[in-house]
Amino acid sequence: MANSAPALREELCAAVGVSDPEELFAQIPLDHRAARPVVLPPALASEVELSRHLRDTLGRNVDCEAVLSFLGGGCWQHHVPAVCDELATRTEFLTPVWGTPASDHGRNQAWFEFSSQLGELLDLDFVGLPVYSWGCAAGHAVRMAARITGRDQILISEFMDHERLAVMRTYCEPPGMRGHIELRSVPTNPATGTIAVDELAAALSDRTAAVYLETPSGLGVIEPDPGQIARLAHSHGAELIAGVDPTSLGLLAPPGQYGADIAVGPTQPLGVHMNCGGGVGGFIASRDEERYARAYPTLQVSLCPTSKQGEHGFALTLFQQSSYGSRELGNDWTGNSVYLWAVVNAAYMALLGPAGFAELGELILARSRYAATRLAEVPGVSVRWPWFFKEFVLDFNETGRTVAEINVALRERGIFGGGDLSLSHPQLGQAALYCVTEVHTQHDIDRLVTALTEVLA
Amino acid sequence: MRSSPSHGKQPTSSPRTYFELMVKAGAARPRLGIIVNPLAGIGGPAALKGSDGAATVAEARARGARPEAPLRAERTLQALAARVGPAELLAAPGAMGADLARRVGFSVKATSRSAPSETSALDTRVAATAMRDADVGLLLFAGGDGTARDIHDAIGDQLPLLGIPAGVKMHSGVFAHSPEAAARAAEAALRNGPSLPLRGADIADVDEQAARDGRVASILYGSVRVPDLPRLVLPTKAGSPAQPGAELQALCREIADTLEPSCLYLFGPGSTTAMVLAALGARGTLLGVDAVLDGQVVGKDLTESQTLALLDTHLDSRLVVGLVGGQGMLFGRGNRQLTAAVLSRVGADRITVLSAADKLLALTPPTLWVDTGDPVLDKHLSGYIRVRVGPRQQIIMTVSS
Amino acid sequence: MSLPKLRQYHAAVWDEPIVMEMGRAGRRGMVFPTSDAEVSAADGTLDTVIPASARRQHPPKLPELSEFEVQRHYLHLAQETLGMMGISLFGTCTMKYNPRVSELVAARPWLAELHPNQSEETLQGVLEIVHGMNQILCELSGMAQFVFQPGGGADAAYTHACITRAYHEHRGELAQRNEIITTIQAHPCNAATAAAAGFNVVTLPLEEAGYPSVAALEAALSDRTAALMVNNPDDMGIYNPNIKRWVELVHQAGGLAFYDHANFNGVMSRLRARELGFDACMFMLHKTFGAPKGGGGPAVGAYGCSEDLVAFLPRPLVRQVGGRYTIEHEAPLSVGRVREFWGNIPQVVKAYAWTRAMGSDGLRQAADISVLANNYMERRLLAIPGVSKSFPELSSPRLEMTRYSLAKVAEDTGVTVLDIQNRMVDFGVDAFWLSHEPWIVPEPFTPEAGELWSKEDIDYWIDVLATVIDEAYNDPDTVRSAPHCQAIHKVDGAGADDPQRWATTWRAYQYKHSIQVTS
């Protein structure tokens, strides 16, 4: 602390006219003061001690680079380009808060490039600045749909990622409250895990604000014809909210192509480490129509002219409808989000370009399909559904073993097995969600197959 | 930079004809008009309680007063010029706006060629009428309640209006909170054109003679539309279609939808309560007290005795009032029909107060005033009150006498 | 008045194109391995594994750049961001130094490559730190348990609104208790999250003393009261001395009391929320506790509560059982999740590191210096003609910040506080905070020095402000047309709210402004 130098501190006290800073706290009544002094662990004032303590402590973790991990489910192990790491720690991006449109220009441009590139991937024209997570994005999106349509029901698949669904639930207000939104689940086809279109058609009504459709879904399933579901929703005056993984979009249809009105999804796969779940972020995008734009809770930057002819600058658009602009009269709320990751995401998308996303999508598809095919050869193990991307459900019911037992045994062999679905999705019995990305080599997958074969022998 | 228009035939008769010719000649429709009442505000520093009437002005001049309005209007125009450059303006002639606007650098059309040497209320009315005929997007005026009334007398609510605060009395809800704020609204009008968001506001004024005698008695004259650019807007963001107006509207609709059966509802004067009546499909009396029972209007523009008679036959009653004008007066100004007798009969706990949030927050200190003429009742009404500002929002206000 | 000599600063100007305009067809920044032959052979053609109706028809129009071009482009943008390279006394955000050692440690795989669903025994190190930070915050606040899931201060306020719902629902009173009370000076997120969670919002305006009276609160309280959500001190630096009484009254009415500790820096280690009676509080780790702000996150709104509310907290929670740490994933009365997983854990680690480096004495000293610096600033700022402070008649020293007004400057010159802000950046001084909505002080600004900025920095900042105010009187056009020494010129945001002109993406910009594209 620059002003803790004793002489300087006294100089400041003298300038203010006090002998001790304590006098400056006169506003706080004595009976409000702490009943006893604060006692914290001994200070680690030197960087030498602090660094040692942190390294000793964190060194006790076992991370996904040290072992082989197949965990996914809302947080995925992808390759993070070195350039992304450099940018994430640049002081100019890492440490500031807000400046002016001119002094923040570089960062604003990076944010605009986040939105612009995501807009291309999604085939949508209006993109907000990111929100805390995919679940939060989906929660805001269903509230947007309710505001837009004046209706109060959302149709979702019976198979949702349970973390994401739990977040969406808190955004929908409990039954009985004035703003309650009902999340009604629609059955899936047993053979494919995709939405049962007939059941969906039967569930749609003039209460339906939106169909929330994920593809790939929380359990990795690809919807074969999202356009059909969009048309069905629209025919009942409902919106289609698409939930998509941007790493699939070099390959899979973008939401704009099949008529989705709002799209949401995760930003962590775009160059951000898992960070123990602290890398997650979410996006919200839509067509550029006032009907949607005026329902956003987020901040967003717009390209604007400056006083110099031909020069680009950026300003916040529709600030007034945010909670900063209108307190409780604004749309939902906003605050700090994951804006640093938006810079990283922008660089990631620029690094990949159209060819990179196509390659990435194909590689993840090929490797996850290879893994599924090989794992299905293990006695007692089967792959639940045929169309998937990156993640797939392995069915262990025939093995007579629980996923928990299997994962303990795999861990002894240096492998983190797939996420256990037996508690979150009991209707699947003993099943696990395996995630395979571009970081998993054929050798890694073969190692898993061998280990699993041993474990189940 | 162009000076005054010089196309087609020269005007020959009234300003109105002149503008008809201009429009026919295909001139672009100006989006902004300005009228400066050069005498507005002159009475304030002279401790006169207004500047209306030639006698008052003369006395103010005699006391050495200088007009405030041109200085204030110039601030607005300077700020506007800095934002939008040399835009086109329609201005009242000479000292009533055109001279000033040209000096600041605007491309000015005047509503008439000749400027009176000593302006009067009539000149304001003539200019306002010309503005109406030219269908400007926003009529800016520099003045006070008197000027607002003159404009309202001439053209009613046919043009969106905004006051540059320059008067001694500013009880009407049409004034920007500073000359610069008026510039921001004018900028929004220039940029948004017909999509400029608007909301209702009251034109009110005090009884000048009474005011000079030390009594304050205000009268509600009517309602106009003003740009809906409330305080809850960052100045950089002025021009965004805002939501607060919508919140108040939603509240009025909700009140209309949830009226208790067999309860006599009295609605006080003003544009806010008029919205509740509109939601009931009824047309209220803007300046008067109306009564509603089971969704039907059972009394219009009621006098005190008529109201009391209704209360005699309907024991269950409620009163819904808005805030009239910009001074935080709850009872005693603009709604004097709601007398102490009426209020006592309804009961303090049966009164619902409605307001736009920004109107309350503009009050410093955050106090509503009552002056019913009955000190005991005033005391009873004093304390704190919940004012409803939206379907789900309330603000706690101090009530004082 | 003689004005001091200021730095001859100029921002980097790269005139950097939008990335969408850059590159050439076929250029690559990142390539991926082609899948091994055996992998590809596993499974027929693309058509059989993805139905055609689910496939992308046209490639995305992303730029095609080399890796170096991407790196250089974003480094140029970094250089066109002033941020903490200059001086930023951005009030209400408590600008702090973010130690590099924490960045280095947090970037290592032992944290960066952890998956939150790994088994507990593989996460013992990070769980120990999360638990340690929980202990530290409990000691500072008197609360029983903290949760780090909320992604920022606003998310923590939202967490409180959710817990308020769950608490009253559990007691069978949710239908009746539908009002949350806040003050006009509380951060907008309190009112906004209360409304988003389904409550009606009752707002108390300020009175003569600078805060709402006890009587106003009493008028707001009833059997409909669900909770009170307040900051104290507020961001004018005024402390509500009746806050204990407030909490008692809220409890008597049956509501919960939430302390938004956004302005903790000035009271750090001097009071405890729980001892004042509050049921819950919130700390911003990216603000008070030295974790970086990231230009708006990733952030942490650490939410803590009394023993009575622990059952309702979002899960997961980290628990210590014997010598090891476990994760409690679900609980029957829990509100569930406000965000996936257990929070922005690297930020928790960085805040933990900062707090461990400071220790008890360091925190107290930081509060002292922060309040001392603010009062020093106040002396100097009020000596500048045209600067006044909110509630000038209140003579008690303000805590870590004070809200000022440039109303006189604006009145005299027509130069607004925004113009002045835009001019100050020409001297390497980044934006000050104006005020949260609504502006109850005209032409407001709210600087905060905290314990970070040296007296030299503070003096320079004030000198810049004095110089710019002097310009406002003598050369107002220079101020109104500012900035002049920045990466770009004055931004014209007038079209940003116009549906015909706003453009949040390059593709929207192109079709809305296509006429200008022809050259």
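Keep in mind the model is a prediction, meaning the values are calculated, not measured.

Criteria and cut-off values
Each chain has its residues counted from 1, following the order in which its sequence is written. Each chain is given a letter, starting from A, and each ligand a number, starting from 1, according to the order in which they appear as written. The predicted origin of the model limits local features to residues at a pLDDT of at least 70 and limits the giving and counting of side-chain atom pairs to 80 or more, whereas totals for whole chains, interfaces and linings rest on all residues. Each helix corresponds to a stretch of at least 4 residues labelled H or I by DSSP, and each strand to a stretch of at least 2 residues labelled E; elements are numbered beginning at the N terminus. Working definition of burial: number of other C-beta atoms within 10 Å of the residue's own, with buried at 20 or more, exposed at 12 or fewer, and partly exposed in between, all C-beta atoms being placed from the backbone. For two strands to pair, DSSP has to find at least two bridges joining them. Residue ranges assigned to each domain were obtained from an automatic or database domain assignment. For every residue pair, C-beta atoms are placed from the backbone, and the pair is scored as a contact if these atoms sit within 7 Å. Charged means Asp, Glu, Lys or Arg here, nonpolar means Ala, Val, Leu, Ile, Met, Phe, Trp, Tyr, Cys or Pro, and polar covers whatever is left, Gly included. Angles shown run from 0 to 180 degrees and are taken between the N-to-C directions of axes, each axis being a line fitted to C-alpha atoms and, for helices, limited to the stretch in contact. Should an angle lie under 35 degrees it is considered roughly parallel, over 145 roughly antiparallel, and from 65 to 115 roughly perpendicular; all remaining angles are considered oblique. Crossing handedness is defined as follows: a turn of the near helix away from the far one that is anticlockwise and smaller than a right angle gives a left-handed crossing, while the clockwise case is right-handed. Each residue after the first adds 1.5 Å to the expected span of a helix. Arc, as used here, means the arc of the directions from the helix axis to the C-beta atoms.

**Focus on the overall build of chain C**
Thinking step 1. A count of helices and strands for chain C gives 16 helices and twelve strands.
Thinking step 2. Its C-alpha atoms put chain C at 75 × 65 × 45 Å along the principal axes.
Thinking step 3. Counting all 519 residues of chain C, 65% fall into the buried class.

**Remarks on the sheet that holds strand S12 (residues 391-395) of chain A**
Residue and element names in this part refer to chain A.
Thinking step 1. Reading across the sheet, the four strands line up as S11-S12-S15-S14 and stay open at both edges, with antiparallel pairing between neighbours. Two strands in the sheet have a free side with no partner beyond their single neighbour: strand S11 (382-383) and strand S14 (419-420).
Thinking step 2. Bridge analysis of S11 against S12 gives two bridges, and the strand direction is antiparallel. If you follow Ser382 over to S12, its bridge partner there is Asp395.

**Description of the domain arrangement of chain A**
Many authors give the size of an interface as the accessible area that is lost as the parts come together.
Residue and element names in this part refer to chain A.
Thinking step 1. Looking at the assigned domains, one finds that chain A contains domain 1 (68-79 + 354-456) and domain 2 (83-348).
Thinking step 2. Placing the centre of domain 1 and that of domain 2 at their C-alpha centroids yields a distance of 28 Å.
Thinking step 3. At the interface, 26 residues of domain 1 touch 27 residues of domain 2.
Thinking step 4. When contributions to the side of domain 1 that touches domain 2 are tallied by element, the ones reaching two or more residues are helix H12 (339-376) and S12.
Thinking step 5. Considering each element in turn, the side of domain 1 that touches domain 2 owes the most residues, seven residues, to H12.
Thinking step 6. Partitioning the side of domain 1 that touches domain 2 into residue classes produces 15 nonpolar, seven polar and four charged.

**Regarding the sheet that holds strand S11 (residues 404-405) of chain C**
All names here are of chain C.
Thinking step 1. Pairing in this open sheet of three strands is antiparallel, and the strands run S10-S11-S12 from one edge to the other. Of all strands in the sheet, those bounded by a partner on one side alone are strand S10 (388-389) and strand S12 (444-445).
Thinking step 2. Direction of pairing for S10 relative to S11: antiparallel, over a ladder of two bridges. From the neighbouring strand, Ser388 faces S11, where its bridge partner is Ser405.

**Overview of the interface of chain B and chain C**
Thinking step 1. In this assembly, 26 residues from chain B lie in contact with 27 residues from chain C.
Thinking step 2. Only helix H3 (69-84), helix H7 (179-192), strand S15 (383-390) and strand S16 (393-400) of chain B provide two or more residues apiece to the side of chain B that touches chain C.
Thinking step 3. At six residues, S16 of chain B tops the list of elements feeding residues into the side of chain B that touches chain C.
Thinking step 4. When its residues are assigned to classes, the side of chain B that touches chain C shows eleven nonpolar, eight polar and seven charged.
Thinking step 5. Pairing between S16 of chain B and strand S3 (residues 200-204) of chain C: three bridges, direction parallel. Residue pairing for S3 of chain C: Gln394 of chain B is matched across the bridge by Val202 of chain C.

**Brief notes about the packing of helix H5 (residues 121-134) of chain B against helix H6 (residues 145-155) of chain B**
Residue and element names in this part refer to chain B.
Thinking step 1. Across the interface, H5 lies against H6 with an axial gap of 8 Å and an inter-helix angle of 50°. Judged by the inter-axis angle, H5 sits oblique to H6. Crossing geometry of H5 relative to H6 is assigned as right-handed. Here Ala121, Thr124, Arg125, Ala128, Thr129 and Arg132 of H5 come into contact with H6, specifically with Thr147, Asp150, Ile151, Asp153, Ala154 and Ile155.

**A closer look at helix H2 (residues 47-58) of chain A**
Residues and elements named next belong to chain A.
Thinking step 1. Here H2 contains twelve residues, and its C-alpha end-to-end distance of 16 Å stays within 8% of the 16 Å for a straight helix at 1.5 Å per residue.
Thinking step 2. Listing the buried residues of H2 in full gives Leu50, Leu54, Thr57 and Leu58. In an axial view of H2, the angular spread of the buried residues amounts to 90°, which keeps them on one side of the axis. Along H2, exposed side chains directed more than 90 degrees from the buried face belong to Val48, Arg52 and Asp56.

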